[in-house]
Every structure is written in C-alpha cells, then in structure tokens.
Amino acid sequence: METREALKEEYKSYIGRKIIFIAVCGALAVLLIGASVYFGGSDLSLAHIYDLLWKHITGTVYEVGTDDFHDDYVVWELRLPRAIFAIIAGAGLAVCGAVMQSVMKNPLADPYTTGISSGACFGMAVAMILGITIAGNSITDMGGIMNAFLFAVLPMLFIIVISKRVGSMPATLILAGVAITYIFNSLTTLLMMMSDDSTMAMVYRWQVGSLSNVLWDSIPLPFFINFVGIIVLLLLSRKLNILALGDESAKSLGLDTEMMRVICLFIISFMIASIVCFCGIIGFIGLVIPHIVRAIIDSDNHFVIPASAALGGIVLLTADVIARYLSPLDAIPAGVIMSFIGAPIFLLIIVMKKREVW
Amino acid sequence: MANEVIVMNTKVIALVVVVIVVAAGAVGAAALLNNKGSNEKYYAIDGALNVYGNADGDYKIDGNDLSVIQDVIDGKKRFAHYPLADANLDGKVDSADKDLVNKIINKESCTINIINQKKTAGNYNSSVKWPVKSAIATGSSNNLLLFTFAGINEYVHGICYSTTPDWVLFPYYKDVTKLANSSTAISIDAANDTIKEYNVTALISDYTDSTISNESEYNKNGIDVIRVSAAVTDPDKYASQLLMLGFLFGTETKALEFAEWNTKVLKEIGDKVATIADANKKTVVTSNSAASTKGVWLSAGVSDYRAVMEQAGGVYAIGDDYDIYAVSGYTSGAYFKKGDTWLYQPDVNPDYIISMRVSTWYSGTVDVKDLWEKSVSAFDESEAYTNKHVYVMTGDAPITIRIAYAAAILYPDVFTMDWANGLNKEVFEKFYPADINPEGKSFVISYDDYTAAKAAAA
Amino acid sequence: MTQKQEYYRKNRLKIVGILILLVVTAIIGIYSISVTQYHISFGKAIDIIINHINNVEPTNYTEWIEDKIVCEKLAPRGIGGIAVGAILGVCGAIMQSTIRNPLADPYTTGISSGALLGVTLFTIFGITVIPVNDTDLGLIITAFVFALIPCFIILGLSIFKTITSNTMILIGIAVMYVFNAISTLFRYTATDEDVATIYSWAVGSLGMVDWSSVPILLVAFVIIFIFGMGYSRTINILSADDRLCKSLGINPSKARILCLILVAVATATAVCFVGTIGFVGLVAPHIARMFVGSDNKYLIPASAVVGGCILIAADTYARVATFTGLPVGVITSLIGGPIFLIILLRQRKSAWGS
C-alpha cells in the first residue's frame, strides 16, 4: 500500500541518518589519529611523520642515536599509543555514560558525577601507595585494575541503593555522587599524606586525568576490556531500550530489571576502572557526549551506543591535542581541558532543558 | 801513625758520606721519575670513582686497576672484595674486563657501566656510552653548581626547572633551552628537538626516585640516565659526584682540583668543630622554603639541609628519636605555621633557627625585609626569635660555603664571618668560570639587619 | 494526660535535649583548650587561664609561650570552632528544608568552589577585590566575595526561570564544576608552593581562627540563627509543598531565594576563615532530626548545637590523635561520610515527598 511504502521510506531515511552519523564519526576518529600525531613538543612535519610511520610498519630499523631513530621513537612510541588510548578512553567513558543514563533513567548520570571515577582512583592509590592488590602486583597489569574495579563498584552499589530509598530524581543522584566523590577524595588525600613527597606528587598528578604516561603496554588491557564491554552493551541495547520505558512496563515485558541494572553497572565499572588506571579521572565525557548524540539521533540505544563511542573518542582526542598544542612542554593535562569544555556545556544543558524533565 | 789513621779515617768517612748522599740522591731521583709519569699529580681525596673498571676503588682508572683485575683473575685477590673489577658487568672477571679497561685508559669510545644512586630504592647499575659529549639535565641550583665545578657546562644543552635559577650565578645556562616547567620530569617529545640538534646521548638527573620517572623510556630512546646527588655534604661523597662527571665528560683535571680543595676545607671545618665541647654545642633547626598557608617546611630525618647544619657543628633540634612522623605525617620534616606549637616544646625548642633561601644573593639585590618576613616570621614566638638567634642565609652558595656560613653563625668565636666571606670569594676566584665577586655583598641576614631594613623602608 | 499536655511535654523534652547537648559541647570545647601538640595537661591549662584573667605575668619563656598558646590560640579556636560548626549546622538545616532534599548542605549553592577560585586567583595572581596590605586579610576578603558569585548566578537565572528546588541544586553543582575547572587550569600555571597553599586551604582547618575572627563568626551565627528562628514557620511550609505555600500567600520562589542568600552569606563567612569543612552541614541536621523531628523551631537550634559539637570534637580529635598534617576537613568526611550514607540507607522515601 502507498502509506506503507511511504512509511518504509521514511523509516529507512530515519535509520540512514543515524548510520551516516556513526560512519562519519568513525571516519573522523581515524583521521584524527593521523592528524593528532602532528602535535607535540618536537617540531616534525606531517610528511616526515607519515614517512616514518610507513617505514616503521614496513620494518625499517634505525641505528641508535640518529635523528630518524629519535623521531621514530617519538612518533611511534609516544604519540601514536597516546592517540589510540584517547580514542579508547573517550569511547569507553562515553558509552558508560550513555548506558548509565538509560539504566538509571537519569540524564545526569555519568562515571564522574556519580563518584565511580573517584572510587576507582582511590583503588589505584591504594595499589600505588600501600601496595595492596588483589591480583597481580604491578600497575600495568591486572593488579591495579582489579583494585580500581573493586573500589569503583562501591559507589555504584551506593547509588543503586540510594536511588531506591530516596527517590531517583536527577538532583538527588548528583548530590549523592558529590558526597561520594568527596568521601573518596578525602580517603585518597589521607593516603597521600601518609606517603612521602614523591609518591604524593605522583598520585596527585595522576589524579587529574592526563594522557602523558600512556605507552604501548598500557593499551592492550583497556582496549580489550572496553571493546568487549561496548560489544556486550550493544547486544543488550534492545533490553536497554525496554528499560527506558519504565520499570513496570519492562517487567510486564518479561525483563528482570534488577538483574539487568546490576549486570550493566558491573560491566561499566570494569570499563571505567580499566581506563582510570592509566590516565586518572577525566570527567564530563560520559555526561555530555550522550546528550549531544541523543539530540542528533534520538534515543535508540542501538545507535546511541556506537555513536557515543565514536564521538567520545573524537572529543577526548581533540581535548588532548588542544592540551598538547597549548603547552608543548606537556604541562597541561587533557582532563583539565576536558572539564573546561564539558562544565559549561553541562551548565547549558541544565539551564536550557524544560522544567518538566527535572 | 795515629794522625795518618785519623786522616785516613776522615777521608774514608767523607768518601762514604759522599757515596751515601749520591746514592740517596739517585734513589730519590729514580723514585721521583718512577712516579707514574712526571705529569701525574697526587690528589689528597678519598672519594671513589663509582665506575665499573675502577677495580682498586680510588679516584681514577689507570694501570693500577689493570693489575688488580689481573690479580683477581689469577686468584690472588677475591672478586667479592673488588666488585668494581667486573668492568663489563658480565658477572665474572676475565680478559674481557681488561680489554675494556684498556680502552678506557686509551680513551677510546666504548660503553661503560656506572653505579647510579636512588634515594629510596638504592643503587643500581646503568650503562653509558663513553666519552659523553652532549647531555641534557634537570636544572636545580645544586645541580648547576655541581656541573660548573666539574667543568661540564659546555656539554649541557638543555635543562628543566620550575623556579628560575639565579642567572648571575649561571650565565651560561641562561641561553640553554628550557625543556620543561617542572624539575622532576622531562617529556621525551619536548626534548626531542634538542636531542637531535646536539646529538645528546645522556641525561643527568638527581637521586630522588620521583625524578625522571620515565627513565626506562629514555633508555629505549638511546639516552643514558646518570644520577648525581648534588647536595651531599660529606666531602668524599661530593668528591664522588665530581669524579663521576669529570670522568664521563673528560674534565677530570678540573673536577679533581675542586674535589681536593673541597675536601681540604671541609676537613678544616671538621677539625675546628671537634674542638668545641659538647656542652657548648648549639641546637638548631633549618628550613628552606617560604611560608605558605601550610606553613614553613622544617627539615628533619634524612635531609641534606639538616646535614649542612650538622657539619657546621650544630645539634639538630628535631633529633632522630623525636617522632616527626607523628607530628606531621612525613618522615623528612614537618610544616610549621604561625598557629602551631610543637616547636616550642622543651624537648625540641631550638637555640637557633636558620633558614636557607634561594634568592638574588650574588647580585646583591636581596629584599631583606620581604625575604625575612616570608622565611621566618612564622617563628616569631619561639625562644630563638626572642633571643635574636634567628637568621636567614644564602641557599645558592656552594654547599661548602653554606656550611661555612652556618658555622660562623652558630659559633662566632671559632669561625668568623670574615673567614666565611673569604672562602666564598676564594671558591669563585679559583674554580668558577664566570666573573663573580661576592665581596661586599651580604649572605646572612640577622635580626638586626632586618630591623634596620624595616626602619629604612618605613 | 490530654493531647495538649502530651504535646507540651514533648516540646519540653526537646528543649531539654538541646540544652544537654549544649552543655556537652561546652565541655568538649573547654577540654579542647588543653589539647595541642605542645602537651599541656588539663589542670595546667585551667591554671593558665586563671592566671591570665588575674593578670599574673609570666616569668620565663616557657610560661610565656604556654600562656600564649592557651589564651591566644586555643581559646579562640575552641570558641570559633563551635561557632563555625553551629553556622554550618543551621545553614544545613535551612537548606535541606527549603530545597526539600536530604542531600543538600551549605555548599550546594556552589560556595565552596567560588571560595576556592577566589583563593586560587589571590594566591597565584594576587588578584584582590579590595587592595589590602595584609595577605591574610586579603585572602579572606577575596574568598568571601568569590564565594558569593555562584549564589548571584543562581539569583540571576531565577529572573528568567522559576527556580524549583531541584533546579537550584543542579545549577549550583554545574557552577561548581565550572569554577573547579577554572581553578584547576590555573593551578597548572602555578609553582609547587602555591599549589600546596591552595590545596591545604581547600581541605579546611581551624588554624587561622584567632581573636579577631571570633567576633565576626559569632555575629554571623547570631544573624543566621535569629533569621532561622524567626522565619521557621515559613521554612516549615516551604519544606512541605510549593502549592501549599502559594495557598498560604507565600511566594515559594522568593522565599527560597531569601533563604539562599542568607545561607550563602553566613556560610561564606565561615568558609573564608576556615576553608571548606565538609559533611558537618550535611550530617548535623540529620542527627538533630533523629532527636527533635522536623519542626524547624526545634530543628534549627538542635542542628546548631549538633554542628558545633561535631566540629569541636573532630578538631580536638585531629589534634590529639593524629599528625598535624591531617586537617579537620578530612576527619569530618571520614566520620561524616559513612554516617551520612548509613542515615541515607535507613531513610524512607515517603519522608521526602516528591
């Protein structure tokens, strides 16, 4: 029938828009990796960089101490893993934010505002300062991540229980998150003061969210965990859509809401822990990116999740590039730039939304 | 007959005496000539060159080390007693070690191994491509002083610092590229241009563990990391630092001369301090920072600043049995601000409070009132302050000079200020390439100086 | 007993409870005078105060310094500590009632981040609002003025939008994030010393309280206390429902803003002397509520007393049990945090309405 055809066409273009958005974001992400390698303390031309990359991939090895050897080291060992990690972290944090917002039906949920990042950070501080870990014994392997995971789960549990007791209004959740962040920050401060100056400086620098210490060996675990996490969440996206309808409707459609919530939040905590371990706390990505994405392509989680991943990666990488551009001596961390971008947007979101939403 | 005997005996005796004198002269001349070449001077220092290959543990690598290695190979000496004999760090002493030492003696390029120190983590070994011709460094004032005295300035092409050094003291470094805004970390990316331009092969850093935490990255990039402790007060340890740099960069002579002078002066001070009776010793605390809201940092425990005071003969008021950790949560000191009271307790209450500050002392443009207030006004309720036993002194001067000034403050009858000023002048005249004359400038601010400055400003 | 008599009896119990707590606070406060790093026994401290009041002159350095310690440091610190705790308690009670949210505290208006920004600008760039020679005074004034900026932002936005309780929280927090971002950016251009200064201020400590700040704190407390008691009926109604307010002839938005401004000013006064000490304003009203219920006529004085008690106890503990480097702010969050979470977990949803 004619209406049916028209509907089909409309639906196709509707979906098509979303797919194009995701595709464009994905392509931009790849291009941006290539461009970001240009920025940094050392002055290298773009042509030279690509020449080095190509030669490295085809297996040329340089003699130690030559100019090319040093340039190759900088480009391949320092800048490239940093760009890749930025994409992974941005994607992971954005997807965590998007899913948290669906699962808790709270447009202001994100790893940072709910205090989960602070908890993970405290776990890392425990591993670094006290040396107490559950598994493994170094920071670049599972030891630190498991610690961070354990301490990221605590805020998560608090938030779930609190939102059931006191109501799940966005404001309440945020206030609880602020309180939890405050508690964990105090605990971390306590630990920091018990250690000597150099450890304290290390923990402090790392708390803020900087990609300076990212190398190739910090990539495998976060990449693996976040990749698997995003795929799993994508597979669960249909159920997430149902959750968004409301608990009663969801239950009547046969979905075990509690189980679903807990599983999602566990996956999210794991992803966040793996990222926080290597770069500290970077806020606002999980909060702001899903809102922007939803404003463009609506709230179907099938598309919101991949789109958030792509856009999140781009935004964090851009923030890192800006940080490197502004301070070639690598003084300003990416997390600061990110909060500089994200906080005003957050304020804007609150002020401009209609009253009923809150 | 008797006369003839006596005359003959006298002649014989004279002949014998002449023969003995000539023989002695010959032996003496031979001994002098045999003394390892007529250009070799003997330096009166005890510090050791901490490089593998320096088997006998003295201040240089020479033929003596070869003989020691040969003795170990032959089994006459035990390897465990001469750990530095294993020049190539392969775990055994053999001819390969001798070859390496020979290369060093002949000044050929090779890769040597040195001992690096880390404050908490302890010593570890590092390999260095030798001789080093070009380096970058972390630029604290103490480091820059060490570099100047070791004569290696022209080889350093990039430094990092958070507080700007006094360019009057380090005019060479004014034009050197700044690599980072912190004194503890240099990003390889930021340093890359300098590394390429000057073919840098080494990075000189200090012995704090947190400095240059990306050391393994530098090693992968082909840069060797050398750690020095530029603020040690012990003459032998300081000599080791000078020897290390002198050896690595080929400026041994200069380094040795300064090491010798330094050891001599510190020994003089030590001897004089030993003449002071225990009952007359004064207690002292020292700080090196300005007051922030957290307060002034008072060093304690293991601290280079404390060591300066102790070498000057002071007894540190925050003793090792005092639980500073319980007061401040740090093991190396504590903050003290105006509201605090722990310093006044009878078991701490120091006789003297001396603050060592970095400022423009050598330009003679120190703002006396401002520096005093920022450094020691937090202590104005202490007994030391009421007795006018509080001082602010220079923290830029070479370590030995700081010790001299501290000694002059604490024991004015044994060490005079003129003597300390004289040493200050002497060290710059003899060993410093830049034209710096400390004469006429003041390096110690006393309470009276402060009141005078305050009155003048009003 | 009739219902009326029952009601009055309960009220008298509440008043008695508050008075008992007041006495406890006073005792802790007096005890705190003897607690310091310089170990003075309690009896000796009392002797010193008596001597001081009788104008007995100290004879040697030790006596002189002990007199100074007790009378010029610890006494004002004790009084000031109680005053600050009381201010935070009252402000917290008012905030929770007017915003109708159990998680509100005096800093929800963004005061802490505003003050931090002021301190950052002052320490690093020397920017002051009023040029003053004395660094301490300049710091305090700058902190005070900047602490009020987020409040003015909320005020300004209220012209364009009706401020519901939730919106107020969210804007306050958003402003807090923005200000924190700016502060953090500046911290990266600062030297290590400045960073240590700012950081230590941010955590909060009673160290800067002396005889010149005590009168100001007491005045601030009296003002907010009288306001709270006088306005308590309106606040009670505000905590119920906006529509109820309107039907009783009170404009809820305006009433809320008025409360906000007074809370902001009082808290800013406290914050600029002692930094941000968290959780006192959050936990005190909850504990008070457990004893005297939600009627603000009793809740406000009870929160004042509980707040004062908590803070002076935490400060005394910080001084006696741990190293000086541990600020009272850390202690209050370590104790207050878990207490707060436990309280929250035992809450019932109905107590808070929508």
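Because the structure is a prediction, the values reported are computed rather than measured. (Residues numbered from 1 in each chain as written. Chains lettered and ligands numbered in written order. Predicted model: local features only at pLDDT ≥ 70, side-chain atom pairs only at ≥ 80, totals over all residues.)

Visitor: In this structure, what is going on with the overall build of chain C? I would like to understand it.
Guide: Across its full length, chain C holds 14 helices and 0 strands. Ordered by position from N to C terminus, the α and β elements of chain C give α-α-α-α-α-α-α-α-α-α-α-α-α-α. Expressed as a percentage of its 354 residues, the buried residues of chain C come to 53%. (Helix = DSSP H or I, 4+ residues; strand = E, 2+ residues; numbered from the N terminus. Buried ≥ 20, exposed ≤ 12 C-beta atoms within 10 Å, placed from the backbone.)

Visitor: Hey, could you run me through the confidence of the model for chain A in this one?
Guide: Regions with low pLDDT carry predicted coordinates that are not meant to be interpreted in detail. For chain A, per-residue confidence averages 82 on the pLDDT scale, and 89% of positions sit at 70 or higher. Considering each helix and strand of chain A separately, the mean pLDDT is smallest for helix α7 (residues 197-207) of chain A, with a value of 65, and largest for helix α8 (residues 220-235) of chain A, with 91. (pLDDT = per-residue confidence, 0-100.)

Visitor: I keep staring at unusual backbone geometry and nothing clicks. Help me out?
Guide: In terms of backbone geometry, most residues other than glycine have negative phi values and most peptide bonds are trans. Looking along the chain, the bond that leaves Trp130 of chain B and enters Pro131 of chain B is cis, with omega of -5°. Looking at the secondary structure, you find Pro131 of chain B in the loop between β2 (122-130) and β3 (135-138). At Phe284 of chain A, a position not held by glycine, the phi torsion is positive, near 75°. Summarising the element assignment, Phe284 of chain A is placed in the loop between α11 (257-279) and α12 (285-297). We classify Phe284 of chain A as buried; it has 27 C-beta atoms within 10 Å. For Lys107 of chain B, which is not glycine, the phi torsion reads 55° and is therefore positive. Structurally, Lys107 of chain B can be placed in the loop between α3 (95-105) and β1 (110-118).

Visitor: Explanation requested: the pairing of strand β7 (residues 224-228) of chain B in the structure shown.
Guide: Put simply, side chains in a regular strand alternate between the two faces of the sheet. All names here are of chain B. With 5 bridges joining them, strand β6 (residues 202-206) and β7 adopt parallel strand pairing. Bridged to Ser205 within β7 is Arg227. Chirality of the crossover, the property in question, places the unit of β6, helix α7 (residues 215-220) and β7 among those that are right-handed. (Pairing = 2+ DSSP bridges. Right-handed = clockwise from strand over helix to strand, strands pointing away.)

Visitor: How do you make sense of the packing of helix α9 (residues 252-274) of chain B against helix α14 (residues 399-410) of chain B when you look at a structure like this?
Guide: Each pair of packed helices can be summarised by the angle the axes make with each other and by the distance between the axes. Residue and element names in this part refer to chain B. Relative to each other, α9 and α14 sit at 20°, their axes nearing to 10 Å. With respect to each other, α9 and α14 are oriented roughly parallel. In the packing of α9 onto α14, the handedness of the crossing is left-handed. Across from Asn262, Val265, Leu266 and Ile269 in α9, the residues of α14 making contact are Thr400, Ile403, Ala404 and Ala407. In terms of residue class, the contact of α9 with α14 is built from 6 nonpolar, 2 polar and no charged. (Axes fitted to C-alpha atoms, helices over the stretch in contact; angles between N-to-C directions. Parallel < 35°, antiparallel > 145°, perpendicular 65-115°, else oblique. Left-handed = near helix turned anticlockwise from the far one by under 90°. Contact = placed C-beta atoms within 7 Å. Nonpolar A, V, L, I, M, F, W, Y, C, P; charged D, E, K, R; others polar.)

Visitor: How do you make sense of the packing of helix α13 (residues 301-326) of chain A against helix α14 (residues 334-352) of chain A when you look at a structure like this?
Guide: All names here are of chain A. Relative to each other, α13 and α14 sit at 115°, their axes nearing to 8 Å. As summarised for this structure, α13 and α14 are arranged roughly perpendicular, according to the angle between their axes. Relative to α14, the crossing made by α13 is right-handed. Seen from α13, the contacting residues are Leu316, Ala319, Asp320, Ile322 and Ala323; seen from α14, they are Ala334, Ile337, Met338 and Ile341. By residue class, the composition of the contact of α13 with α14 is 8 nonpolar, no polar and 1 charged.

Visitor: Would you mind showing me how to read the sheet that holds β6 of chain B here?
Guide: Each strand in a sheet pairs with another by means of backbone hydrogen bonds, the pair being arranged parallel or else antiparallel. All names here are of chain B. Strand order in the open sheet formed by 5 strands is β5-β4-β3-β6-β7, and the pairing between neighbours is parallel. Bordering the open sheet on either side are β5 (177-178) and β7, each of which pairs with just one other strand. Sheet topology note: the β3/β6 ladder contains 3 bridges and is parallel. Along β6, the bridge assignment pairs Ala137 with Ile204.

Visitor: How should the environment of Ser97 of chain C be read in this particular structure?
Guide: All names here are of chain C. If you trace the backbone, Ser97 turns up in helix α3 (residues 61-99). Taking C-alpha positions, Ser97 is 8.4 Å from Ala240, a pair spaced 143 residues apart along the chain. In this structure, Ser97 is in contact with Ile235, Leu238, Ser239 and Asn296, ignoring residues within four places of it in sequence.

Visitor: In this structure, what is going on with helix α12 (residues 368-376) of chain B? I would like to understand it.
Guide: Given 3.6 residues per turn, any residue in an α-helix points the same way as the ones three and four places further on. Buried within α12 of chain B are the following residues: Leu371, Trp372, Lys374, Ser375 and Val376 of chain B. Where α12 of chain B is buried, its residues meet β12 (352-357), β13 (390-394), β14 (444-445) and α16 (447-457) of chain B.

Visitor: Got a minute to help me understand helix α4 (residues 116-130) of chain A in this structure?
Guide: With 15 residues, α4 of chain A should reach 21 Å at 1.5 Å per residue; the first-to-last C-alpha distance of 21 Å fits that figure. For α4 of chain A, the full list of buried residues reads Ile116, Ser117, Ser118, Gly119, Ala120, Cys121, Phe122, Gly123, Met124, Ala125, Val126 and Ala127 of chain A. (Expected span 1.5 Å × (residues − 1).)

Visitor: Any chance you could explain the nonpolar core here in plain terms?
Guide: Generally speaking, a soluble globular protein has its nonpolar side chains buried in company with each other. If you look at the biggest cluster of nonpolar residues, it comprises 350 residues, and the most contacted ones within it are Ala406 of chain B together with Ile87 of chain C. Considering every element that reaches this core, the biggest residue donor is helix α3 (residues 67-103) of chain A, with 20 residues. Other than its neighbours up to four places away in sequence, Ile87 of chain C contacts Ala220, Phe221, Ile224, Ala266, Thr267 and Ala270 of chain C. (Core = buried A, V, L, I, M, F, W, Y, C linked by C-beta atoms within 7 Å.)

Visitor: Explain the pairing of β12 of chain B here, please?
Guide: Residues and elements named next belong to chain B. Counting buried positions along β12 yields 6 of 6 residues, so the element is predominantly enclosed. By the alternation rule, side chains of β12 split into Tyr352, Ile354 and Met356 and Ile353, Ser355 and Arg357, which are all buried. By the bridge criterion, 4 bridges tie strand β8 (residues 283-287) to β12 in an arrangement that is parallel. Bridging across to β12, Ser287 finds its partner in Ser355. Relative to β13, β12 runs parallel, the two being bridged by 5 bridges. Residue pairing in the sheet places Arg357 in a bridge with Thr394 of β13.

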